[in-house]
Amino acid sequence: QMGQEDYDYVVVEIPTAGSSGEGIVGRSEWVATQWYGMTHGKRMVNGHISRVDPWHFLWMETSDPMMAWLGQRRFLEPETVASDMRERIVEWPIGYFVIHTQWLPQNGPTLQEIVGWFNGQRDLVCPFAIERELIVYRTTWHPDGCSPRTPPEIAPGIYEIDIGAAGDERFIGWGWHWQEDIGATRWRWTGEYPNTQLYVDLPPGDYRLTLAAQAFWEQRRLAVRVNGEPLLSAEIEPDRLQEVEAVIAREWLGTGEQIEIVLEYDTTIVPADIGQSGDPRRLAVAVDWVRFERVDEP
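### What to know about the pattern of salt bridges
Across all of its chains, the model carries 21 salt bridges by this definition. Note that Arg27 and Glu29 form a salt bridge whose closest N and O atoms lie 2.5 Å from each other. Taking the relative accessible area as the measure of exposure, Arg27 reaches 40% and is therefore partly exposed. Given a relative accessible area of 29%, Glu29 falls into the partly exposed group.

If you want it as structure tokens, here you go:
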């Protein structure tokens, strides 16, 4: 699709990397993403130029907050990275960011940090496609714009995010651990941060929000906020999935764009600390799905 688009822009491959005959930034397999340039024909950051001055790539090794973070060579500085990205999206311009998840740790905080941060920057980027190992974000500069982030409509007026299923990366924010199978259930645990976000777009209206959750080890109090407004608070049990629900007034949703759902929990437990397993993660509640059912007339 990029190759068919008649626009001039830059594609930023993640993890960022580059090399010459005299040095390398990142890893050699990351540099090989230049292969895709033969198909899309766009300018790109990653690649190898055999006799170029090494500084052509070295500037982004550790000294540049945005490019170094996207190569996992520097910690995230949210405000600085957002500022750099806002400027470069327009000036370069950048059309897409392509995250190659196979080169990032699957069971760790790296992916949740990158995906969670990108999903929270709706004024800069929007999730565009998930294709096998790739998560693709289109920038707000792109002439074709961004599509609504509306969950699949599983029945008329009922929209559901299947947490843990392929494609849930479009909706998740900070705080979600990796996708995992527990018997016949595929879910994600929360707990890495004090609260956990979801982002959705919905047609304006009144909705009943229902989520299926299970606490880790002991009963946990879970609170849910919608666009900053307290929606519900419930005790979640550790031995079974249970459903909790509440109605969201349309006034809270406004135009239905970039709705933020925040899950808050009273505490977390590390399985390794209590001898339950060697798992070092902070766990609060696991979520199987979140459903939005319209309860008014369209």
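That shown, we press on.
### Topic: the environment of Ala155
Position of Ala155 among the secondary structure elements: in strand E9 (residues 153–155). Separated by 58 residues in sequence, Ala155 and Phe97 have C-alpha atoms that sit 33 Å apart.

### Brief notes about unusual backbone geometry
It is generally the case that most residues other than glycine have a negative phi and that most peptide bonds are trans. Cis peptide bonds are those with omega within 30 degrees of zero, and the linkage from Ile14 to Pro15 qualifies with 10°. Turning to its location among the elements, Pro15 is positioned in the loop between strand E1 (10–14) and strand E2 (18–20). At the junction of Trp92 and Pro93, the peptide bond is cis and its omega measures out at -20° in the coordinates. Checked against the element boundaries, Pro93 lands in the loop between helix H5 (78–91) and strand E6 (94–100). The phi dihedral of Gln72 is positive, around 55°, even though this residue is not glycine. The class of Gln72 is partly exposed, set by a relative accessible area of 33%. We note that Arg132 has phi near 50°; this positive angle belongs to a residue other than glycine. Structurally, Arg132 can be placed in the loop between strand E7 (125–131) and strand E8 (134–139).

### Some words on the sheet that holds E2
The mixed open sheet is built from 3 strands, whose spatial order is E3-E2-E5. The strands lining the two open edges of the sheet, one partner per strand, are strand E3 (23–25) and strand E5 (47–48). Where E2 lies against E3, 3 bridges are found, and the strand directions are antiparallel. Paired with Ser19 across the strands is Ile24, a residue of E3.

### As for the sheet that holds E6
The 5 strands lie next to each other as E4-E1-E6-E8-E7, forming an open sheet whose pairing is mixed. Edge strands, defined here as strands with exactly one partner in the open sheet, are strand E4 (43–44) and E7. By the bridge criterion, 5 bridges tie E1 to E6 in an arrangement that is parallel. Its bridge partner being in E6, Val10 is matched across the sheet by Ile94. Along the sheet face, H5 touches E6, E7 and E8 and points at about 125° away from the line of E6. Strands E1, E6, E7 and E8 of the sheet are contacted by helix H6 (residues 109–119), whose axis makes an angle of about 25° with E8.

### Brief notes about the layout of surface pockets
Taken as a whole, the largest pocket spans an internal volume of roughly 480 Å³. What lines the largest pocket is a set of 18 residues, and nearest its centre among them are Met2, Tyr36, Glu131, Leu134 and Val136. Looking at the lining of the largest pocket, the elements that each hand over two or more residues are helix H2 (37–40), E6, E7 and E8. By volume, the second largest pocket amounts to about 380 Å³. Gln106, Leu111, Glu169, Gln179 and Arg188 are the residues nearest the centre of the second largest pocket, which is lined by 22 residues in total. When contributions to the lining of the second largest pocket are tallied by element, the ones reaching two or more residues are H6, E8 and strand E12 (185–189). If one sorts the elements of the lining of the second largest pocket by residue count, H6 sits on top with 3 residues. Considering only residue class, the lining of the second largest pocket consists of 9 nonpolar, 8 polar and 5 charged.

What counts, and at which threshold
- Residues numbered from 1 in each chain as written.
- Predicted model: local features only at pLDDT ≥ 70, side-chain atom pairs only at ≥ 80, totals over all residues.
- Heavy atoms only, no water.
- Salt bridge = Lys/Arg side-chain N within 4 Å of Asp/Glu carboxyl O.
- Buried < 20%, exposed > 50% of the residue type's maximum accessible area, 1.4 Å probe, protein only.
- Helix = DSSP H or I, 4+ residues; strand = E, 2+ residues; numbered from the N terminus.
- Pairing = 2+ DSSP bridges.
- Contact = heavy atoms within 4.5 Å.
- Axes fitted to C-alpha atoms, helices over the stretch in contact; angles between N-to-C directions.
- 1 Å grid on protein atoms, 1.4 Å probe; cavity = no way out; pocket = protein on both sides within 12 Å on 5 of 7 lines; lining within 4 Å.
- Points joined across faces, edges and corners; volume = space filled by probe spheres on them.
- Nonpolar A, V, L, I, M, F, W, Y, C, P; charged D, E, K, R; others polar.

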